Amino acid sequence: MDCCLWGDSYQETDPGAGGPGPGVPDGPGERNGCKVAEPFRGCINGVCAQLGAGPPVPRLRSMARGERLETGSGVKLWTVLGGTVALCTALADGRRQIVCLATQGDRFCPPDEDESLDFWIEALAPSHLCELDLSGHAGTIAGNASLSAALFRAARDQARCIYAHLVTLGRLDGMERVCLFLADMAWRVGEHTAQGWRVRLPLAREDIADYLGLNAETVSRIFSRVKKARLADFHSPTEYVVRDLAGLQNRAPILAPHSAEKSAAQNASEAALQPMEVHR
């Protein structure tokens, strides 16, 4: 991946983080010094491309599995460059709720500090994030139409996913929630093979339960029902193959949030190939 945030464009800020290595940092920590004057053609962030040569400066954070990062105060935009992270909160009795999941290419803006709920970012796998602290840069944003539009798109995309998840938690039963989750993750991180959509998840049963508002035992029982219905095969606690993606999706009364964008991308790719075929 050609991303301006990786490689030798970084300067160490955490001595314990290890060297940059061949592209992606090999340990937890943070780095800054992104070449903001350079074009951002290959960066999947899509927002820092509009910054130009001035502040704010994007910063890379590398997180080990299980590591937590407090969101703190201020307005920050995060882009997942690799791995999987969760935005979490906890109830007064200690129960955790995963508010949203973010995989490579996803962007999210955690809520500011709140007296009723504390939020944190938790790495479910070794992950690399771009942090863009927009606090105190209202003038820069207001004076840059392209940056404002990019930030609006990021906020809109996050809101769309959160609204869909709100409907999932509020109106779908356990079977519908799990089927929708399995289908959505197939669209997000699945690999299409001859056997079906192979998905490698860094989430444990407890993580899935905390995301879907269920308990781990219920998730395991529903997985057994999904397997019995020949919709998916579970090869390990973190790997499964969706044999019938359409059938899995049809078990839920709403579409998987990421299915529409992936279908649009596939249609665009096919449309781009059509003129080439005509002129053969």
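As shown above, the structure is provided for reference.
Below is a short write-up of the structure. (Residues numbered from 1 in each chain as written. Predicted model: local features only at pLDDT ≥ 70, side-chain atom pairs only at ≥ 80, totals over all residues. Heavy atoms only, no water.)

1. Some points on the pattern of salt bridges
Stated precisely, the cut-off is as follows: A side-chain nitrogen of Lys or Arg and a carboxyl oxygen of Asp or Glu constitute a salt bridge if their distance falls within 4 Å. Burial classes: relative accessible area under 20% of the type maximum marks a residue as buried, over 50% as exposed, and values in between as partly exposed (1.4 Å probe, protein chains only). Where helices and strands are cited, they refer to DSSP runs of H or I of at least four residues and of E of at least two residues respectively, numbered from the N terminus.
Scanning all chains against the criterion turns up 16 salt bridges. For the salt bridge of Asp157 with Arg156, the shortest nitrogen-to-oxygen distance reads 3.8 Å. Residue classification places Asp157 among the partly exposed positions, given a relative accessible area of 24%. The salt bridge involving Glu239 is made with Arg198; its shortest N-O contact spans 2.6 Å. Residue Glu239 is found in strand S14 (residues 239-242), and its partner Arg198 is found in strand S12 (residues 197-200); the two are separated by 41 residues along the sequence. Of the two residues examined, Glu239 and Arg198, each falls in the buried class. Three or more residues are tied together by salt bridges with common partners; here these are Arg68, Arg96, Glu122, Asp207 and Asp210.

2. What about unusual backbone geometry?
Phi at Arg230 takes a positive value of approximately 60 degrees, unusual for a residue other than glycine. Within the secondary structure, Arg230 sits in the loop between helix H5 (216-228) and strand S13 (232-236). Relative accessible area serves as the criterion here: at 54%, Arg230 is assigned to the exposed category.

3. Observations regarding the side chain of Thr71
Note the threshold: By the criterion applied in these results, polar contacts are pairs of N or O atoms within 3.5 Å in which, for protein atoms, one can donate a hydrogen and the other can accept it, and in which residues neighboring in sequence qualify only through two side-chain atoms. The contact definition used throughout considers only heavy atoms, calling two residues in contact when any of these lie within 4.5 Å.
Inspection of the secondary structure assignment puts Thr71 in the loop between strand S4 (68-70) and strand S5 (76-82). Residue classification places Thr71 among the buried residues on the basis of a relative accessible area of 8%. In this structure the side chain of Thr71 is engaged in a polar contact, spanning 3.4 Å, whose partner is the backbone oxygen of Phe119. The contacts of Thr71, once residues within four sequence positions are left out, are Lys76, Leu87, Pro110, Pro111, Phe119, Trp120 and Ile121.

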